[in-house]
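Listed here are the chains, written in short residue letters.
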Amino acid sequence: MDFNDTAEEAKFRAEARAFLAANCAPKGSDKERLSRRLSTDEYVKAAKAYQKKKAEAGFAGITWAKEQGGRGLPPIYAVIFNQEEAKFDAPSQPFAIGLGMCVPTVIAFSDDATKDRYVAKALRGEEIWCQLFSEPGAGSDVAASKTKAVRDGDDWVINGQKVWTTGAHFCDFGIVLVRTNPDVEKHKGLTMFIVDMKAPGVEVRPIHQASGGREFNEVYFTDVRVPDKNRLGEPGMGWNVALVTLMNERLAVGGSTGPDYAEIFELARNMPGPTGQGTLAQDEAFRQKLADWIVKAEGYKLSKFRTMTALSRGQTPGPESSIGKVINANHLMDICNTAIESMDHYGIINDGELAPMEAAFHQGYMWAPGLRIAGGTDEILKNIIAERVLGLPQDVRVDKGVAFKDLPSGR
Ligand SMILES: Cc1cc2nc3c(=O)[nH]c(=O)nc-3n(C[C@H](O)[C@H](O)[C@H](O)COP(=O)(O)OP(=O)(O)OC[C@H]3O[C@@H](n4cnc5c(N)ncnc54)[C@H](O)[C@@H]3O)c2cc1C
């Protein structure tokens, strides 16, 4: 494994670094932002402005084809840009789902007219997208979706409910997975559509989080008309379309957001130790934990290098991304938990303006369980690792060969 950039990669990295230095604050320099809620209007506005600059500078859609406004570069260049961007406080969160998962699905499954309508606007940050897959009874088992669409002339009419839709309240469009045929097995009767989030009959209701944030929503569909030209893939082939989105999702949510060992080390250097002698950073037990976190973070970094090597050789990354997500979410939770405990009663402060550092750990602690669920729960990812890496027997599938309408259901 060669960790060094080629000459072209090094040149690209330098260009990326120069762009980021000119347009973003270095990571951690803005502690207030680390703890600020990511769903505010102000943050979305900043994200749109940043995305526009990224597109103009050629750092948006790095791997996308030139016809789609991208740069047509191999995936390794996107990895390099992401590595550099992670060193800055870049307001890129509102675009992660749309550009990371939804729009690539639109590109893969729609005609030129549809691509012309949506892709460039998304890339330039003018329109934001969300992913409408999960339902109250269909999360890990997303193929159990019940929201249905019925054909009516040139339109389809959608009725049902989605849940946990990140960013639906500020999004313009979404990709929605619905049931169009209940008479076949659950994976075979689904279809995917592009839906206008401002269309009549779409109702977005916020879910307020324990942290005080408002990133997620319930979305209700009542007789929402979607033209057939907004269909992605053939009717009944929605599961195959969803798989393309989900494959991108595991990679996209692999990275951690929130304080890491550098931030807790900084905190510990400025706090008294548990015995009242010296700082927390000098405490033996704390130092052991710190060493563990550094080893874990380095291990994760090396596992990402393995993904990079596969990408640079034109291969598809394997299950390393699942491993990364399981490790990262728990790593964040552990660090924030220790920080909150160490800060004693200051640990409960959750006000970014009053105490940015304390609030950053508080927010990280509240966010980490979500990270353990989004894009596949710990248990689901461990199942994937067990089955596809270790070759253990498959999970039990009692619904195999049964039509969706005949599956027992409490709802
Ligand atoms: C931060 C965040 C953002 C999200 N954003 C979106 C979004 O934008 N769009 C969207 O569509 N969805 C989104 N979701 C929803 C997310 O995809 C689901 O919550 C997730 O897939 C889990 O589904 P569930 O909540 O229905 O839990 P369930 O599937 O009901 O699982 C409950 C528990 O049972 C376990 N379990 C389930 N099946 C198995 C099994 N076979 N073996 C072992 N254990 C199992 C799970 O691991 C979990 O611990 C988001 C969720 C979070 C937390």
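Residues numbered from 1 in each chain as written. Predicted model: local features only at pLDDT ≥ 70, side-chain atom pairs only at ≥ 80, totals over all residues. Heavy atoms only, no water.

### As for the site of the ligand
Next, step 1: Looking at the ligand, there are 19 residues lining it, with Gln 131, Ser 140, Thr 166, Thr 377 and Glu 379 nearest.
Next, step 2: In the environment of the ligand, an oxygen atom lies 2.6 Å from a nitrogen or oxygen atom belonging to the side chain of Ser 140.
Next, step 3: Contacts to the ligand include Thr 377, whose side-chain N or O atom sits 2.4 Å from an oxygen atom.
Next, step 4: Contact with the protein chains removes 68% of the 970 Å² of surface that the ligand exposes when unbound.
Next, step 5: Counting residues per element, the ones that place at least two in the shell around the ligand are helix H11 (356-371) and helix H12 (378-389).
Next, step 6: Element by element, the count of residues in the shell around the ligand is highest for H12, at three residues. (Near = heavy atom within 4 Å. Polar contact = N/O pair within 3.5 Å; in protein donor to acceptor, adjacent residues only side chain to side chain. Areas by Shrake-Rupley, 256 points an atom, 1.4 Å probe, with all protein chains shown as cover. Helix = DSSP H or I, 4+ residues; strand = E, 2+ residues; numbered from the N terminus.)

### With respect to the packing of helix H1 (residues 7-23) against helix H4 (residues 75-85)
Next, step 1: Look at H1 against H4: their axes get within 9 Å of each other, and the N-to-C directions meet at 35°. Viewed along their axes, H1 and H4 form a crossing whose handedness is right-handed. Contacts from Glu 8, Glu 9, Phe 12, Arg 13, Ala 16, Arg 17, Phe 19 and Leu 20 of H1 reach H4 at Ile 76, Tyr 77, Ile 80, Phe 81, Gln 83, Glu 84 and Glu 85.
Next, step 2: A per-class count over the contact of H1 with H4 returns eight nonpolar, one polar and six charged. (Axes fitted to C-alpha atoms, helices over the stretch in contact; angles between N-to-C directions. Left-handed = near helix turned anticlockwise from the far one by under 90°. Contact = heavy atoms within 4.5 Å. Nonpolar A, V, L, I, M, F, W, Y, C, P; charged D, E, K, R; others polar.)

### So, unusual backbone geometry
Next, step 1: One non-glycine residue, Trp 164, adopts positive backbone phi at about 60°.
Next, step 2: Within the fold, Trp 164 resides in the loop between strand E5 (155-162) and strand E6 (173-179).
Next, step 3: Take Trp 164: its relative accessible area is 52%, and that puts it in the exposed class.
Next, step 4: The backbone of Asp 344 shows a phi angle near 55°, a positive value even though the residue is not glycine.
Next, step 5: Counting through the fold element by element, Asp 344 comes out in the loop between helix H10 (320-342) and H11.
Next, step 6: Overall, Asp 344 belongs to the exposed group, its relative accessible area being 56%. (Buried < 20%, exposed > 50% of the residue type's maximum accessible area, 1.4 Å probe, protein only.)

### Thoughts on the nonpolar core
Side chains that are nonpolar tend, in soluble globular proteins, to be buried together.
Next, step 1: Counting residues in each nonpolar core, the largest one holds 51 residues, and the members touching the most others are Trp 129, Met 197 and Phe 221.
Next, step 2: Looking at which element gives the most residues to this core, the answer is helix H5 (residues 96-109), with seven residues.
Next, step 3: Here Trp 129 is in contact with Ile 97, Gly 98, Cys 102, Val 103, Val 106, Tyr 118, Ala 122, Cys 171, Phe 173, Gly 174, Ile 175 and Ile 194, once residues within four sequence places are set aside.
Next, step 4: Counting 19 residues, the second largest nonpolar core, distinct from the first, contains Ile 264, Ala 268, Leu 290 and Trp 293. (Core = buried A, V, L, I, M, F, W, Y, C linked by side-chain atoms within 4.5 Å.)

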